[in-house]
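Structure at a glance
Chain residues, written in single-letter form:
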Number of protein chains: 2
Amino acid sequence: MLADQQILRIPGPSPIPPSVQRAMTQPMIGHRGQNTSDMLRKIGPKLKAIFGTSQEVAIITGSGTAGLEAAVVNVVKPGDEVLVIVTGAFGDRFAKICGAYQINYQRIDVEWGKALNPAAIKSYLQEHPQIKAIFSTYCETSTGILNPIKELSEAVRQVSDALIVVDGVSCVGGVDTQMDEWGIDVMVTGSQKAFMLPAGLTFVAASERAWKVIEQNDQPRFYLDLKKYRDNLIKDTTPFTPALSLLFGLEQVLNLIDEEGLEQVYKRHTLMMQMTRAAFHAMGIPLLTSDEHASPTVTAVKPNDFDAEELRKVLKKEFGLSIAGGQQHLAGKIVRIGHMGYCSPADVLQIISTVEIGLQLIGKEIVLGTGTAAAQKIYLNQGVLV
Amino acid sequence: MLADQQILRIPGPSPIPPSVQRAMTQPMIGHRGQNTSDMLRKIGPKLKAIFGTSQEVAIITGSGTAGLEAAVVNVVKPGDEVLVIVTGAFGDRFAKICGAYQINYQRIDVEWGKALNPAAIKSYLQEHPQIKAIFSTYCETSTGILNPIKELSEAVRQVSDALIVVDGVSCVGGVDTQMDEWGIDVMVTGSQKAFMLPAGLTFVAASERAWKVIEQNDQPRFYLDLKKYRDNLIKDTTPFTPALSLLFGLEQVLNLIDEEGLEQVYKRHTLMMQMTRAAFHAMGIPLLTSDEHASPTVTAVKPNDFDAEELRKVLKKEFGLSIAGGQQHLAGKIVRIGHMGYCSPADVLQIISTVEIGLQLIGKEIVLGTGTAAAQKIYLNQGVLV
């Protein structure tokens, strides 16, 4: 293996673009000075475009989980009845946070690898009109599902005024997100996935409807009080000391996304998903999710005739290539390939062509080049002609 | 194209490993202080191992051409008769430097893409016993030839005491080099190829035989006076202010080479060459050089039914992938792929799989995956089983 080469293709953290890495090494500045205000003023509209909202997008220094907790403590309080839709490990996390705060939550568990069903949620809400909020996941990182949150919102609105809270950590920035248009009430994401940054920032936006609830919610909260973030952001500042290096990086990430064009960023992610899926289909290796509900940012492979962990180990050993394993009951049963953020079709071809070698090395017989050729065909048909 | 992604696969400069990039950002230190001496003391033995010599390896702040000029002005003087063997653009450079110094040089031109013929040089020397030095090239970057300098030295020694001066700029550090054992008198290389650094350092080593000539040579020289470098290096210092950031990087490059193992570094380069060549052979696309004299660091492709420049352009446009074109009369007729330094078999697979797409896009019909599969087979047979 080439010394110092690490090819990071887990579903987050994702690789950092060189210009972002450089930006983060800028000398420290005062967070109450004009430079920080100027930076926040530039960042604001670009974050709003990614979230598809005209509302302020709070920038909280913390992991994605801090963002999820902020969503919970701002929109509900103990005794409130809420619904948590669990399609994998991160839906489960919303349930755990609600549990920690004595929220009266019901959960609908969907088989891991399947998407939530908007009609079923609608029926549930018709029978449970007291539900005040619905917690859901956009991309479920643990399975590679992209839940139909636009359709969920449409279905919910027909029967309920419950707030729709969405964990978008592993896809916002790489997948089309239209909070306002779709009627999503709270959207959360993190810095270390499609945002191409190290972990350490979480972003939370709330709808006008949600702000009304937040303003009247007396659930105790301090650091994660969204009102503080919004009211300061309007004055181009932050309530607490921000992770300035990450903000330097964020400013450059948003420049890169502008340079490529947000629409093109989304197209690239879809293309990378299609290339990856076509490759495994061509090799006759099952995927965990259907094509219909597959996430553009992460693909889970569910082998039926080779050991998932063996594949991971051999790729790490031969090429320094990291892909992720499964979580909870899927541990050892799947591998997950991240293709998000600073990842290109050329990188997907590298993943597929090294995976083909890895499969041979662990005794899974495939015709070499088959997966690569399938991915190349997708690129040629869609990446260029579209 | 992914913003900020540049995949650099020209035959130098080559990509910089991340830990080397970081090392180069260390705060500046005094070049006459203990830290610099300590660093030079650590660097010395490792450079000697790469050159295969027990002699000091001079570290000159300058481009590779400064190293070539140092070789000329130290071992010969105006009026001396020398032989320059030209197998490409860089052999030609030696001739130009000799010309600038009124050295009485003869040149043997070998068709570009072919290697020098030791027997022919031997015959020439038998007819020209007055030749004092022979200037040659190890890897000729412009064609991807690896000249048989070991065999050249054996042949020369049978009939002549001429010094053998070798430009090893585009391969030393990636290809086995045994100056002492092979009887090479002066070897020059640069920092921006297999040494995985930016350009800015050139390394020159001289044999005991060469030092005798150098010490008696009254050709005027100052900055490029090799004696100054050797005499200072023995005292762990440099005659002039060195490019300290590049020395910081060099120290880490040598650590990485140690970590991988020099033998393994050479094996990796050979493997990458074989993978690259097998891929083009499988696609039926001609290479400029024979398998016998191919360089492990660079491969020149000589298409007969598509436009070399079109391929370069489409790879740059689609993937941000840079490969080089031809020089002088080969301009527009070949492409050159660098696979040296911070480059792995996984990177070669990325090059090949994107080249396959590039070929389709410019209308050269190939069966997608063919080249990739050929490269994968080489990896499986040699990278693992050997």
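Bear in mind that the values here come from a model prediction, so they are computed numbers and not experimental data.

Attention now goes to the relation of the copies chain A and chain B. Superposition record for chain A on chain B: RMSD 0.0 Å, screw rotation 180°, translation along axis 0.0 Å. Classification of the inter-copy transformation places it as that of a two-fold axis. The residues that chain A uses at the interface reappear at the interface of chain B in 100% of cases, marking a shared surface.

All names here are of chain B. Tallying each qualifying case throughout the model produces 46 salt bridges over all chains. Among the ionic pairs, glutamate 251 bridges to lysine 42, the shortest N-O distance being 3.1 Å. Highlighted residues: glutamate 251 in helix H10 (residues 244–260) and lysine 42 in helix H2 (residues 34–51), separated in sequence by 209 residues. Close ionic contact of lysine 364 with aspartate 305 constitutes a salt bridge, the shortest N to O distance being 2.9 Å. Of this pair, lysine 364 sits in the loop between helix H13 (345–361) and helix H14 (370–384) while aspartate 305 sits in the loop between strand S11 (298–301) and helix H12 (308–319), and the two are 59 residues apart along the sequence.

Taken together, the contact pairs 40 residues of chain A with 40 residues of chain B. Counting each side, the surface lost to burial between chain A and chain B is near 3,200 Å², with a carbon and sulfur contribution of 64%. Here chain A is connected to chain B by zero salt bridges. Counting across the chain A and chain B interface gives 20 residue pairs in polar contact (both at pLDDT 80 or more). Ranked by residue count, the leading element in the side of chain A that touches chain B is helix H13 (residues 345–361) of chain A, at 11 residues. Within the side of chain A that touches chain B, the residues separate by chemical class into 21 nonpolar, 11 polar and eight charged.

Our next topic: the side chain of B:Asp92. Residue and element names in this part refer to chain B. By the element assignment, aspartate 92 lies in helix H4 (residues 89–100). Judged by relative accessible area, which is 11%, aspartate 92 ranks as buried. Apart from residues no more than four positions distant in its own chain, aspartate 92 is found in contact with Val86, Arg107 and Gln328.

Parameters and conventions
- Residues numbered from 1 in each chain as written.
- Chains lettered and ligands numbered in written order.
- Predicted model: local features only at pLDDT ≥ 70, side-chain atom pairs only at ≥ 80, totals over all residues.
- Heavy atoms only, no water.
- Least-squares fit on C-alpha atoms with pLDDT ≥ 70 in both.
- Contact = heavy atoms within 4.5 Å.
- Salt bridge = Lys/Arg side-chain N within 4 Å of Asp/Glu carboxyl O.
- Helix = DSSP H or I, 4+ residues; strand = E, 2+ residues; numbered from the N terminus.
- Buried area = accessible area lost by both parts, 1.4 Å probe.
- Polar contact = N/O pair within 3.5 Å; in protein donor to acceptor, adjacent residues only side chain to side chain.
- Nonpolar A, V, L, I, M, F, W, Y, C, P; charged D, E, K, R; others polar.
- Buried < 20%, exposed > 50% of the residue type's maximum accessible area, 1.4 Å probe, protein only.

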